[in-house]
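# Fold and contact review
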Amino acid sequence: MAGIITISKGHDASYPWRQIKAAEPGRVARSAGPGVGYYLSPAEKGGEPPGIWTGKAVAELGLVPGGVVDRGVFESLYGMHLDPRDPSGQTRLGRAPGRFRPAEEIYAVLLAAEPQATAERRAELMIEAKTRVRTPDLYWDATFSVSKSISLLHASALASAAAAAQRGDLAAAAGWEGVAGGIWDAIMEGNAAALDYLQREAGQTRAGYHPGGR
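Below is a short write-up of the structure. (Residues numbered from 1 in each chain as written. Predicted model: local features only at pLDDT ≥ 70, side-chain atom pairs only at ≥ 80, totals over all residues. Heavy atoms only, no water.)

## Description of the overall build of the protein chain
Looking only at helices and strands, the protein chain has six helices and two strands in total. In the protein chain, the succession of α and β elements from N to C terminus is β-α-α-α-α-β-α-α. Looking at the protein chain as a whole, 28% of its 214 residues are labelled buried. By element, 55% of the accessible surface of the protein chain is carried by carbon and sulfur atoms, the whole surface being about 14,100 Å². (Helix = DSSP H or I, 4+ residues; strand = E, 2+ residues; numbered from the N terminus. Buried < 20%, exposed > 50% of the residue type's maximum accessible area, 1.4 Å probe, protein only. Areas by Shrake-Rupley, 256 points an atom, 1.4 Å probe, with all protein chains shown as cover.)

## Quick look at the packing of aromatic side chains
On inspection of all chains with the given rule, the structure shows four aromatic pairs. Their ring planes at 35° and their centres at 4.7 Å tell us that phenylalanine 74 and tyrosine 78 sit as a pair that is tilted. Of this pair, phenylalanine 74 and tyrosine 78 are both found in helix H2 (residues 71-80), four residues apart, which corresponds to roughly one turn of the helix. Here phenylalanine 74 falls in the buried class, since its relative accessible area comes to 15%. Tyrosine 78 sits in the partly exposed class, given a relative accessible area of 30%. Among the aromatic side chains, those forming a connected cluster through ring pairs are Trp17, Trp53, Phe74, Tyr78 and Tyr139. (Phe/Tyr/Trp six-rings, centres within 6.5 Å; stacked < 30°, edge-to-face > 60°.)

## Some remarks on the environment of tryptophan 53
On the secondary structure map, tryptophan 53 appears in the loop between helix H1 (34-44) and H2. Placed ten residues apart in sequence, tryptophan 53 and leucine 63 show a C-alpha to C-alpha distance of 7.3 Å.

## With respect to the environment of alanine 192
If you trace the backbone, alanine 192 turns up in helix H6 (residues 170-201). Judged by its relative accessible area of 43%, alanine 192 is partly exposed. For the pair alanine 192 and threonine 54, spaced 138 residues apart in sequence, the C-alpha separation works out to 8.5 Å.

## Let's talk about the environment of alanine 57
Along the polypeptide, alanine 57 turns up in the loop between H1 and H2. In sequence terms alanine 57 and glutamine 199 are 142 residues apart; their C-alpha atoms lie 10.0 Å from each other.

## Section: the pattern of salt bridges
Taken as a whole, this structure holds eight salt bridges when the rule is applied. The partner of arginine 85 in a salt bridge is aspartate 83, and the shortest N-O contact between them spans 2.8 Å. For aspartate 83, a relative accessible area of 8% corresponds to the buried category. With a closest N to O distance of 2.8 Å, arginine 200 and aspartate 196 form a salt bridge. With arginine 200 and aspartate 196 both in helix H6 and four residues apart, this pair spans about one turn of that helix. With a relative accessible area of 47%, arginine 200 lands in the partly exposed category. Where salt bridges share partners, they join Glu114, Arg121 and Glu124 into one cluster. (Salt bridge = Lys/Arg side-chain N within 4 Å of Asp/Glu carboxyl O.)

## Some remarks on helix H5 (residues 148-166)
For H5, built from 19 residues, the straight-helix expectation of 27 Å at 1.5 Å per residue is met to within 8% by its first-to-last C-alpha distance of 27 Å. Within the span of H5, buried status applies to Ile150, His154, Ala157, Leu158, Ser160, Ala161, Ala162, Ala164 and Ala165. One or two positions beyond H5, positive phi appears at glycine 168, with a value near 85°. (Expected span 1.5 Å × (residues − 1).)

## With respect to the side chain of serine 14
Tracing the sequence through the fold places serine 14 in the loop between strand E1 (4-10) and H1. Polar contacts involving the side chain of serine 14 include one to the side chain of aspartate 12, which spans 2.7 Å. If we skip the residues at most four places from it in the chain, serine 14 touches Arg71 and Glu75. (Polar contact = N/O pair within 3.5 Å; in protein donor to acceptor, adjacent residues only side chain to side chain. Contact = heavy atoms within 4.5 Å.)

Any functional reading would require information beyond the geometric quantities listed.
This is the structure in C-alpha cells:
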C-alpha cells in the first residue's frame, strides 16, 4: 500500500474534534457489523471516526494499543504535555508548552500608543495584533494518506454495504463489508509501516534547554 506522509507543526490539540463526529446509536442498520457502523455513521454526519492509539510508546504511557482515543487524554497529553499515567494531572512529560501574549493584550499595547485612533484605525490595530500572536509548537503532526482512488474504493464498498443492509440483503451487506474490511486492513498496514519508519528514523528527542536550536 503506497501512501504519502505530510509532516507539520501542531499548535492546537483540539483540532481533530472539529472533524470527528460521534456515532449516534441506531443510525446504522443493525445487520451491518461494527466495522461498517464505525465508519459509516460519522461519514453520514459529515465527519470522521475517532482515532485509535498506536505507536511504540502507547503501552508505556498506560494507554491501550488499538483503543479509541479519548479526547480528554489526548488534549492533556498533546496540548499540555501531561502524563496520562498520573491521575492527579500534575506530572509533565518534558517542559510545559510556552505561553505567549494573546491578541487582546497586544492590541491593548498598540492602542495605548495611539489613544486617538479612529474606529477604522482600531480595526487595523486589531488585525496587526493578531498577526503578532505567537503560538507554541506542541507536537509534530504526521498524516498518512493514500491515493484518492483507494479512498473512493473503500467509501464505495461501505456505501454498498449500508445500502444492502437497508434493503434487507444481509448476504450482500456482509460481502461488501468484507471488501471494505480488506481495503481498510491494507491501508492500516501501510500506515503502520510508515509509522514504524518514522519512529525508527526520525523519532529522536533531546533533553534540556537548547536556545535557538531546531
